[in-house]
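Structure at a glance
One letter stands for each residue in the lines below.
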Amino acid sequence: MDWLERAANLRQWSRDGARAPHKPLLLLYALGRFQADAEDELQYTAVEADLKQLLAEYGPTRGTTPAYPFHHLVSDEVWEVRTDRGVGSPGTGVRELRASGATGRLAPDLRLALRREPSLLGRMARVLLDLHFPPSLHQDLCETVGLELELAETVALATPERRQRDRRMREMVLTAYEYQCAFCGYDGMIGATPVGLEAAHVRWWALAGPDEVDNGLCLCSLHHKLFDKGVLGIGDGHRILVSQSFVGRSPAAREHVTGLAGRPLIGPQPGARPVAATYRSWHTSQVFHGIPRPAPAA
């Protein structure tokens, strides 16, 4: 059984590019718990709050319950659920999972494979991270679920359908925005080398976002992270959106985040394609959190 292929092909709800990372998030959480204690069973009532927070922070903007992936991941044969009555999930009802004493854990064959080949855990985690989340969130997500991955771990899936990144993307985007952050104008260099500037995908590459200039932004490291976390977005007229869910009381937070609300993007240079409306709309519906703050009074 190829566990990497199984991790790469979890059955997920899909419609018009909508994000549905519920199963990958639960599987990452379970891998983290297995790494800490291979014998640990995850009682639904004990992990429900953890899973709810994980979905709120890294899941889609629409609300959902952790009961759905807890039940449905069984169908992918990487997860099992037991209740007071034995093997099998009682369904997606929160009350039923609580009342039946439901517990979940990695499937027996997967647990055996992970014991025989410890490096498999890291490779499975890399598959899930690469296919469902942008690189800027990988380390934070690993820390959240308690996964410790070696930096040297790599993933090489031998599947003809696997997309290859365009290595020119970073240079094309940074050039289009003249090596300055489109949100704040930061343009730091060490000699002739930009430092702290990154090419951000508006529609995530993991979710079919192309390596094209009109799907990219040159952002400083701070604003790239905030953009991928849904704190920042791009609205009509290519003006910056700032989520009302963000709270920052310091002068630095006001200057670098909340004070950006309503400002126009910096760039791209004349002749370069600005962010396309279809990618802006995807980010607003799938990543940006909550309601935008009004622009400060002039």
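Structural data are supplied above this passage.
What this report covers is the structure whose coordinates are included nearby.

Moving on, we get to the packing of helix H2 (residues 22-36) against helix H7 (residues 119-132). Direction vectors running N to C along H2 and H7 enclose 155°, while the axes themselves pass 10 Å from each other. The orientation of H2 with respect to H7, classified from their angle, is roughly antiparallel. As H2 runs across H7, the sense of the crossing is left-handed. Contact residues: H2 offers Pro24, Leu27, Leu28, Leu31, Phe34 and Gln35, while H7 offers Leu121, Met124, Ala125, Leu128, Leu129 and His132. Here the contact of H2 with H7 is built from residues that sort into ten nonpolar, two polar and no charged.

Here we take up unusual backbone geometry. For the bond from glycine 267 to proline 268, the omega torsion is 5°, close enough to zero to count as cis. Residue glutamate 77 is not a glycine yet carries a positive backbone phi of 60°. By the secondary structure assignment, glutamate 77 is in the loop between helix H4 (67-72) and strand S2 (79-83). Despite not being glycine, glutamate 178 shows a phi value in the positive range, around 55°. Here glutamate 178 lies in the loop between helix H9 (169-176) and strand S5 (189-190). According to the relative accessible area criterion, glutamate 178 is partly exposed, its value standing at 48%.

Interhelical geometry of H2 versus helix H3 (residues 44-58) gives an angle of 130° and a closest axis separation of 10 Å. Taken together, H2 and H3 sit at an angle that is classed as oblique. For the pair H2 and H3, the sense of crossing is right-handed. Residues His22, Leu25, Leu26, Tyr29 and Arg33 of H2 pack against Val47, Asp50, Leu51, Leu54, Leu55 and Tyr58 of H3. Of the residues belonging to the contact of H2 with H3, the class tally is eight nonpolar, one polar and two charged.

Here cysteine 142 lies in helix H8 (residues 135-145). You can call cysteine 142 buried: its relative accessible area is 5%. Between the alpha carbons of cysteine 142 and glycine 32 there is a distance of 8.0 Å; along the sequence they are 110 residues apart. Setting aside its immediate chain neighbours within four residues, cysteine 142 contacts Leu129, Leu147 and Leu149.

Next up on the list: the packing of aromatic side chains. Counted under the stated rule, the structure contains four aromatic pairs. Measuring from ring centre to ring centre gives 5.9 Å for phenylalanine 183 and phenylalanine 227, while their planes differ by 70°; the resulting arrangement is edge-to-face. Remark: phenylalanine 227 occurs in helix H10 (residues 221-228) and phenylalanine 183 occurs in the loop between H9 and S5; sequence separation between them is 44 residues. A relative accessible area of 0% means that phenylalanine 227 is categorised as buried. The interplanar angle of 65° and the centroid separation of 5.9 Å between the aromatic rings of tryptophan 204 and tryptophan 282 together place this pair among those described as edge-to-face. With tryptophan 204 in the loop between strand S7 (197-201) and strand S8 (216-220) and tryptophan 282 in helix H12 (residues 277-286), this residue pair connects regions lying 78 residues apart in the sequence. Each residue in the set Tyr44, Phe70 and Trp79 is aromatic and connected to the rest through ring pairs, giving one cluster. The ring of tryptophan 3 has arginine 6 sitting right over it, with the charged end atom 5.6 Å from the ring centre. Just above the ring of tyrosine 58 sits the side chain of lysine 229; from NZ or CZ to the centre is 4.3 Å.

So, on to H10. Along H10, the residues that are buried comprise His223, His224, Leu226, Phe227 and Asp228. Of the surrounding secondary structure, the elements contacted by the buried residues of H10 are H8, S7, S8, strand S9 (232-234), helix H11 (251-256) and H12. Just downstream of H10, glycine 230 is the residue with a positive phi angle, here 85°.

The rules we used
Residues numbered from 1 in each chain as written. Predicted model: local features only at pLDDT ≥ 70, side-chain atom pairs only at ≥ 80, totals over all residues. Heavy atoms only, no water. Axes fitted to C-alpha atoms, helices over the stretch in contact; angles between N-to-C directions. Helix = DSSP H or I, 4+ residues; strand = E, 2+ residues; numbered from the N terminus. Parallel < 35°, antiparallel > 145°, perpendicular 65-115°, else oblique. Left-handed = near helix turned anticlockwise from the far one by under 90°. Contact = heavy atoms within 4.5 Å. Nonpolar A, V, L, I, M, F, W, Y, C, P; charged D, E, K, R; others polar. Buried < 20%, exposed > 50% of the residue type's maximum accessible area, 1.4 Å probe, protein only. Phe/Tyr/Trp six-rings, centres within 6.5 Å; stacked < 30°, edge-to-face > 60°. Lys NZ or Arg CZ within 6 Å of the ring centre and 35° of its normal.

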